[in-house]
Amino acid sequence: MFERCSFCIFTSLNNFIYMQGILLVNVGSPQTKSRKDVKAFVRAMLSDPMVMTVPDWFRPILVDGIILPLRQFSSTKKYSLIWDDEHDASPLVYHMEQLASKLENKIEKPVKIAMRYEEPNIEMALQDFCKYGNIHEVVVVPMFPHYAESSWQTAADEVGRIFMEKPYPYRITFTRPYYSHEGYIEALSDKIRPFLVEDHDLFLFNFHSLPLTHIEKGWKKGREFDYVYQAKETVLLVSKKLNIPLNKGQIVFSSAMGKKWIQPSLDEVVKEAALNGKKRIIVTSPGFSSDNLETIYDIHIHAREIFMKHGGESFRFIPCLNSDDCWVEGLAKIITN
């Protein structure tokens, strides 16, 4: 009797296929470039206590009473400048959709996308996996190479919060920040390499700025939460792989919302570089996996304008990995590991 049951169990396990789904999570974007939708997106993002770290009672006053009235028109103008009219979508959402499609074909597993703020939303994506009927695990990939409470952590927390609200028929696991993962470093290097063919005076590695309080909090918790350490590690690994001289490379930060944010500022560095006679610079943004307002506008449009206005001659912006084949390959390695 025991031998027969053992055989039955073995046979059942042998026929069991462990099925995974993949959920790619990014920040998000306005649904359209209209002022109404831009305002709704900015409000949703700034209402997140991990983004706007002020007392809860003061946050709505600050967001609705001060920031939104001041920023809604300028933000709408910026989104209108970077909007992908050909695909009638924000660049971030479009590139995420393309990446999911390519990744799904490569790994032969269902891949969904979701945004921390606005659509496509996380609950909808989690529910979509239920339609397959045989998903046992969903691997959640926050699309942020470097840890920050205002990006990786808030995305992971929101997925976990929504997942716990319903009895989903599968479990979820999370990938870690992939700032030093071989798949990411190889893809990033492949993306940058063609831009190094022409000579340049300065190579800038740009990252999104963060409040100094966030930086200090992460640093005290250790390297797994240390944004600056992880950014430097990425730059070191890529520079070694591409033989970028130390005297030609520099880390800068953009999109700061106040004086007590990490420096040096991208805008100030490109201005100073031009005034000091540097004519050719290259800028990449390894902190983002998909192009968005912070790369296309803040770097490709605004920083370029500053550099050229003050005497620069060549400003080369390297787009994000987006849905490039090298990134599909690298992301597949990250998920597999």
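The structure we're discussing is the one just above.
Keep in mind the model is a prediction, meaning the values are calculated, not measured. (Residues numbered from 1 in each chain as written. Predicted model: local features only at pLDDT ≥ 70, side-chain atom pairs only at ≥ 80, totals over all residues. Heavy atoms only, no water.)

Describing the pattern of salt bridges
So the rule is basically this: Salt bridges are defined by distance alone: a side-chain nitrogen of Lys or Arg within 4 Å of a carboxyl oxygen of Asp or Glu. Classification of residues uses two cut-offs on accessible area relative to the type maximum, computed with a 1.4 Å probe and protein chains only: under 20% is buried, over 50% is exposed, and between them is partly exposed.
Per the stated rule, a full pass over the model turns up 21 salt bridges. For Asp128, the salt bridge is made with Lys131, and the minimal N-O distance between the two is 3.2 Å. Lys131 gets classed as exposed once you look at its relative accessible area, which sits at 69%. Several salt bridges converge on common partners, so that one network encompasses Asp48, Arg116, Glu158, Arg161 and Glu165.

A word on the sheet that holds strand E6 (residues 249–254)
Rule in force here: What makes two strands pair is DSSP finding at least two bridges between them. Helix and strand labels come from DSSP, where a helix needs a run of H or I of at least four residues and a strand needs a run of E of at least two; each type is numbered from the N terminus. Axes, fitted as lines to C-alpha atoms, cover a helix only where it is in contact. Angles between the N-to-C directions of the axes lie from 0 to 180 degrees. Residue contacts are defined here by distance: any two heavy atoms, one from each residue, within 4.5 Å place the two residues in contact.
The four strands lie next to each other as E6-E5-E7-E8, forming an open sheet whose pairing is parallel. Every interior strand has two partners, whereas the edge strands, E6 and strand E8 (314–317), have only one. Averaged over all pairs of adjacent strands, the angle between strand axes in this sheet comes to 25°, irrespective of strand direction. With four bridges joining them, strand E5 (residues 202–208) and strand E7 (residues 280–284) adopt parallel strand pairing. When the sheet's bridge partners are listed, Phe203 is paired in E7 with Ile282. The strands touched by helix H11 (residues 293–309) within the sheet are E5, E7 and E8, with E8 carrying the most contacts at an inclination of about 170°.

Overview of the sheet that holds strand E1 (residues 20–28)
Within the open sheet, the four strands sit side by side as E2-E1-E3-E4. Their pairing is parallel. The strands lining the two open edges of the sheet, one partner per strand, are strand E2 (111–117) and strand E4 (171–174). Within this sheet the neighbouring strands show an average axis-to-axis angle of 30°, counted without direction. Note that strand E3 (residues 137–142) and E4 share four bridges and pair parallel.

Notes on the side chain of Gln153
Examined against the element boundaries, Gln153 turns out to sit in helix H6 (residues 149–163). A relative accessible area of 17% places Gln153 in the buried class. Gln153 has contacts with Met50, Tyr147 and Ala148, leaving out every residue within four places of it along the chain.

Concerning helix H7 (residues 182–192)
The element H7 is extensively covered by neighbouring structure, given that eight of its 11 residues are classed as buried. Buried within H7 we find Gly183, Tyr184, Ile185, Ala187, Leu188, Ser189, Lys191 and Ile192.

So, empty space enclosed by the protein
Stated precisely, the cut-off is as follows: With a 1 Å grid spanning the protein atoms alone, the term cavity applies to any set of points in which a 1.4 Å probe fits but cannot get out, the term pocket to an open set with protein on both sides within 12 Å along at least five of seven lines, and the term lining residue to any residue with an atom within 4 Å of a point. Grid points are joined across faces, edges and corners, and a volume is the space filled by probe spheres set on the points. Gly is placed with the polar residues, together with every amino acid not listed as nonpolar (Ala, Val, Leu, Ile, Met, Phe, Trp, Tyr, Cys and Pro) or charged (Asp, Glu, Lys and Arg).
One pass over the structure, following the stated rule, counts two cavities of 30 Å³ or more. For the largest cavity, the calculated volume is near 110 Å³. Tyr147, Ala148, Glu149, Leu210, His214, Ile215, Lys217, Gly218, Lys221, Phe225 and Tyr227 together form the lining of the largest cavity. Among the elements that line the lining of the largest cavity, the one with the most residues is helix H8 (residues 212–221), at five residues. Reported here for the second largest cavity is a volume of approximately 40 Å³. Every residue along the wall of the second largest cavity is listed here: Leu188, Lys191, Ile192, Thr284, Ser285, Ile318, Pro319, Cys320 and Leu321. Broken down by element, the lining of the second largest cavity gets its largest block of residues, three residues, from H7. For the lining of the second largest cavity, the per-class residue count stands at six nonpolar, two polar and one charged.

Considerations on the side chain of Ser209
Take Ser209: it is sitting in the loop between E5 and H8. Those residues in contact with Ser209 that lie beyond four places of it in its chain are Phe253, Ser254, Ala256, Trp261 and Ile262.

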